[in-house]
Amino acid sequence: MPKTKLLLVEDDQSQAALLALEIRRAGFDVEPVKSGEDAVAKLAGTLYDAIVTDLRLGGGMDGLQVLREAKRAQPEAEVLVITGHGSIDSAVDAMKHGAFDYLTKPVQPEELMLVLQKALDHRSLLGEVRRLREEVKGKYSFEGIVYSSPEMGRVLELVRKVAATDATVLIQGESGTGKELIARAIHENSARRTGAFVAINCGALPEGLLESELFGHVKGSFTGADRNKRGLFEEASGGTLFLDEISETTPGLQVKLLRALQEGEVRRVGDNHPVRVSARVVAATNKDLGKLAREGKFREDLFYRLKVFPIDLPPLRVRPTDILPLAEHFLRKARKKMAAKATRFAHEAAGALQSYAWPGNVRELEHAVERALIMASGPTVMAEDLPPEVLPPSLAAPPKAGAPLEEMEKTHILDVLQACKGNQAEAAKKLGIGRNTLWRKLKKYGVDAK
Ligand SMILES: Nc1ncnc2c1ncn2[C@@H]1O[C@H](COP(=O)(O)OP(=O)(O)OP(=O)(O)O)[C@@H](O)[C@H]1O
Ligand SMILES: [Mg+2]
């Protein structure tokens, strides 16, 4: 714990010396100054826990001005004022301006210490409340979103604003920039957070199946429809429906989506009765949807209906200050998952991460860090542990042809293991070797084989 730091503003030398002595004896740091001007200069450069100021000071500024400046520059510091005998009006004035308490001259050192302790207790209590408040806020807001760039700061500001509404949101950004993460953040910060967050990838299903997934169907509406089924619009009523890869929908489905958005109702496949739905829609795309609309490849009316509140996620290369915080975040995450050892990046590795262009954005960075952690043999991730494409030419390894067979085997095995998300049984099958063989090899590479 750092020492408690006080600023003492008192023009009366002997009084200042007496109080300073007492304050130091209590174990606090104190800086005595003689004028309001000196106090303001100190306030600009040092953070104080409390400020004790005489109200009447020789010179241009009085204690009330010091109080005001302290409350402006360091609102969390507690201010105590010392008033002359019988000038109760100015003491009241000071309290109105945010002073914690006042003392009348001549100030007894024990009295000062008593009031000071109370002020410091009050301050730490406020700090505790604020910390708790932030912790609670953190839980419900941007958990798991790591950033330090102003670009992402602006994105999260938009998220905060739109979360308070029911507006349809269109998130646009290159692959791997975090679109789904942002969609979830909108849901988690909205009044709908108690409802469901339902995500569907519109590019992954053929038209008919997607329609029945989204809108539901009635029994017998097509072969295999052996019972009535609610669609995702209904499932997400009161919550959020995330339509990923919206550009991949067919014109026929786009008409139906438009109707659902405009009228707030859907029709199950094979049924003509409309069902009211109240899902909030967040759509995402890694294409330029406006361009597709202009080219006639996406319905323009649906585009405008979706774009009520657009959020553009910048690619990682335009926010390079996010790279290292993200890399460290993924290192911590992967270390837990894989029980690996490395805890930090070597200087050159960090440099390589920062100067690479990351065409696959955050997702590519996450995979690169996971792979590097598997490759790393000590407590530090070295540049050569990173995927070769990440390395600048100056650090790149010599051509693979010259690499020892064993080295190539290791790289291949680890790549396959990663593709199988660490599942050794699956990796062994893919590699065409027994589980025990794989286990033995991993052990030899120093990968913690569970
Ligand atoms: N700012 C961030 N902080 C922490 N993790 C992030 C951040 N941005 C992205 N990620 C992680 O990166 C990965 C990719 O993010 P996500 O799936 O949201 O991207 P996407 O834009 O939907 O990608 P795609 O277009 O490929 O679907 C996820 O594992 C996600 O958790
Ligand atoms: Mg996605």
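Everything quoted here is computed from the prediction, not taken from an experiment.

Asks: Teacher, can you tell me more about the pairing of strand 5 (residues 101–104) here?
Replies: For a regular strand, the rule is simple: side chains alternate between the two faces of the sheet. Only one face of strand 5 is buried: it carries Asp 101 and Leu 103, and the other face, with Tyr 102 and Thr 104, is open. Summarising the sheet, strand 4 (residues 78–83) and strand 5 pair through four bridges and their orientation is parallel. Bridge pairing links Leu 80 to Asp 101 in strand 5.

Asks: I tried to follow the site of ligand 1 on my own but got confused; where do I start?
Replies: Taken together, 16 residues form the shell around ligand 1, and within it Val 146, Gly 176, Lys 179, Arg 363 and Glu 366 come nearest. One nitrogen or oxygen atom from the side chain of Lys 179 is found 2.7 Å from an oxygen atom belonging to ligand 1. The fraction of the free accessible surface of ligand 1 (630 Å²) that becomes covered by protein chains is 85%. Where the shell around ligand 1 is concerned, the elements lending two or more residues are helix 7 (179–188), helix 13 (323–338) and helix 15 (361–375). Class assignment of the residues belonging to the shell around ligand 1 gives a composition of six nonpolar, five polar and five charged.

Asks: Help me understand the side chain of Arg 371 in this model?
Replies: By secondary structure assignment, the location of Arg 371 is in helix 15. Looking at Arg 371, the relative accessible area reads 11%, which means it is buried. Not counting residues within four places of it along the chain, the set of residues in contact with Arg 371 comprises Asp 385, Leu 386, Pro 387, Pro 388, Thr 411, Asp 415 and Gln 418.

Asks: In this structure, what is going on with helix 3 (residues 63–73)? I would like to understand it.
Replies: Because the α-helix completes a turn every 3.6 residues, residues three or four places apart line up on one side. Every buried residue belonging to helix 3 is among Gly 63, Leu 64, Val 66, Leu 67, Glu 69 and Ala 70, and all of these are buried. Along its buried surface, helix 3 packs onto strand 1 (5–9), helix 2 (36–45), strand 3 (50–54), strand 4 and helix 4 (88–96). Its side-chain oxygen at 3.2 Å from the backbone nitrogen of Leu 64, Asp 62 defines the N-terminal cap of helix 3.

Asks: Looking at this structure, how should I read the side chain of Thr 285?
Replies: Locating Thr 285 in the fold gives a position in strand 13 (residues 280–285). A distance of 2.9 Å separates a polar side-chain atom of Thr 285 from the backbone nitrogen of Lys 287. Excluding its chain neighbours within four sequence positions, the residues that come into contact with Thr 285 are Leu 170, Ile 171, Gln 172, Gly 173, Lys 179, Ile 246 and Ser 247.

Asks: Teacher, can you tell me more about the environment of Asp 11 here?
Replies: Within the secondary structure layout, Asp 11 lies in the loop between strand 1 and helix 1 (13–25). Judged by relative accessible area, which is 31%, Asp 11 ranks as partly exposed. Taking the C-alpha atoms as reference points, Asp 11 and Gly 432, separated by 421 residues in sequence, lie 85 Å from one another. Separated by 2.8 Å, the side chain of Asp 11 and the backbone nitrogen of Gly 58 make a polar contact.

Asks: Could you clarify how one ought to interpret the sheet that holds strand 14 (residues 309–313) in this entry?
Replies: A sheet is described by the order of its strands in space; here five strands give the open sequence 7-10-13-6-14, paired in parallel fashion. Of all the strands in the sheet, just strand 7 (197–201) and strand 14 have a single pairing partner and so form its edges. Each neighbouring strand pair of the sheet contributes to a mean axis angle of 20°, computed without reference to strand direction. As judged from the five bridges shared by strand 7 and strand 10 (residues 240–244), these two strands associate in the parallel manner. The residue bridging Ala 199 from the neighbouring strand is Phe 242, located in strand 10. Against the sheet, helix 6 (residues 150–163) makes contact with strand 6 (169–173), strand 13 and strand 14, and its axis sits at roughly 155° relative to strand 14, the strand it touches most.

Asks: Even after reading the chapter, I still don't get the sheet that holds strand 1, so can you show me in this structure?
Replies: Whenever strands of a sheet pair, they do so through backbone hydrogen bonds, lying parallel or antiparallel. With respect to topology, five strands assemble into an open sheet ordered 2-1-3-4-5, the strand pairing being parallel. Here the strands that pair on one side only, and so sit at the sheet edges, are strand 2 (29–33) and strand 5. Neighbour-to-neighbour, the strand axes of this sheet turn through a mean angle of 20°, independent of strand direction. Its contacts with the sheet put helix 3 on strand 1, strand 3 and strand 4, and the angle it makes with strand 3 is roughly 165°. Together, strand 4 and strand 5 form the strand contacts of helix 4, whose direction differs from that of strand 5 by roughly 160°.

Thresholds applied
Residues numbered from 1 in each chain as written. Chains lettered and ligands numbered in written order. Predicted model: local features only at pLDDT ≥ 70, side-chain atom pairs only at ≥ 80, totals over all residues. Heavy atoms only, no water. Buried < 20%, exposed > 50% of the residue type's maximum accessible area, 1.4 Å probe, protein only. Helix = DSSP H or I, 4+ residues; strand = E, 2+ residues; numbered from the N terminus. Pairing = 2+ DSSP bridges. Near = heavy atom within 4 Å. Polar contact = N/O pair within 3.5 Å; in protein donor to acceptor, adjacent residues only side chain to side chain. Areas by Shrake-Rupley, 256 points an atom, 1.4 Å probe, with all protein chains shown as cover. Nonpolar A, V, L, I, M, F, W, Y, C, P; charged D, E, K, R; others polar. Contact = heavy atoms within 4.5 Å. Axes fitted to C-alpha atoms, helices over the stretch in contact; angles between N-to-C directions.

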